[in-house]
Amino acid sequence: MTGKFFAKRCYKALLEVPAGKVTTYREIAHFLGTRAYRAVGNAMNKNPCAPVVPCHRVVKSDGLVGGYAGGVAQKIKLLKDEGIQVRNGRVVDFQEKLYTFKRK
DNA sequence: TATTTGACCAAGA
DNA sequence: ATCTTGGCCAAAT
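An account of the accompanying structure is given in this report. Going along each chain's sequence as written, the residues are numbered from 1 onward. By the order in which they are written, chains take letters starting at A while ligands take numbers starting at 1. Only residues with pLDDT of at least 70 get local features here, since the model is predicted, and only at 80 or more are side-chain atom pairs given and counted; chain-wide, interface and lining totals rely on the full set of residues. No hydrogens and no water enter the side-chain calculation; it runs on all heavy atoms of the structure.

Here's the deal with the nonpolar core
Side-chain atoms within 4.5 Å link the members of a nonpolar core, which is a set of buried Ala, Val, Leu, Ile, Met, Phe, Trp, Tyr and Cys residues. Summary of the burial criterion: residues with accessible area below 20% of their type's maximum are buried, those above 50% are exposed, and those between are partly exposed, where the area comes from a 1.4 Å probe applied to protein chains only. With 19 residues, the main nonpolar core has C10, Y11, L14, I28, V40 and M44 as its most contacted residues. Numbering of helices and strands runs from the N terminus; a helix is a DSSP stretch of H or I covering at least four residues, while a strand is a stretch of E covering at least two. The element contributing the most residues to this core is helix α1 (residues 5-14), with five residues. Excluding residues within four positions of it along the chain, C10 makes contact with I28, L32, V40 and M44. Core analysis: the second largest hydrophobic core is formed by nine residues, V59, V65, V86 and V91 among them. We call two residues in contact whenever any of their non-hydrogen atoms come within 4.5 Å of each other.

Points about the protein's contact with DNA strand C
As a matter of local geometry, DNA strand C sits amid K4, F6, T34, A36, R38, A39, N42 and K46. The criterion for a residue being near a molecule or strand is simple. One of its heavy atoms has to lie within 4 Å of it. Backbone atoms, meaning sugar plus phosphate, form 48% of the atoms of DNA strand C positioned within 4 Å of the protein. By the criterion applied in these results, polar contacts are pairs of N or O atoms within 3.5 Å in which, for protein atoms, one can donate a hydrogen and the other can accept it, and in which residues neighboring in sequence qualify only through two side-chain atoms. Here K4 contributes a backbone N or O atom positioned 3.0 Å from a phosphate oxygen of DNA strand C. R38 has a polar side-chain atom sitting 2.8 Å from a base nitrogen of DNA strand C. The element best represented in the surface near DNA strand C is helix α3 (residues 37-46), accounting for four residues. Just so you know the grouping, Ala, Val, Leu, Ile, Met, Phe, Trp, Tyr, Cys and Pro go in nonpolar, Asp, Glu, Lys and Arg go in charged, and all remaining residues, Gly too, go in polar. Split by residue class, the surface near DNA strand C holds three nonpolar, two polar and three charged.

Purely geometric numbers; function is a separate question.
Set out below in structure tokens:
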């Protein structure tokens, strides 16, 4: 119970990502002011957010889709539904689809 | 409390 | 370009 504030911040940031765009674990961590890229993915894996937060819009910094608790195929399918193509486990036009956070 | 794990990243060979 | 190595942080065991 204690803790998890970190994960909560992740979800909050994730909600800022518009549909049709993707972000990276690294961007989220950087936005939070930390380097816990792994902890971010770890929190998602436990998946306390399920369909509440669009976890499927998070990919690796290299544009690789990465993983997904519900199965990578599912993740790709959701992305495709938002207009994002994935080829061989990699996001097409990754740099263009990438969304970077900015502080308000 | 200590150790291991992981939906990661960057640099080196 | 690929493969290996080390580091990084929070959560789980």
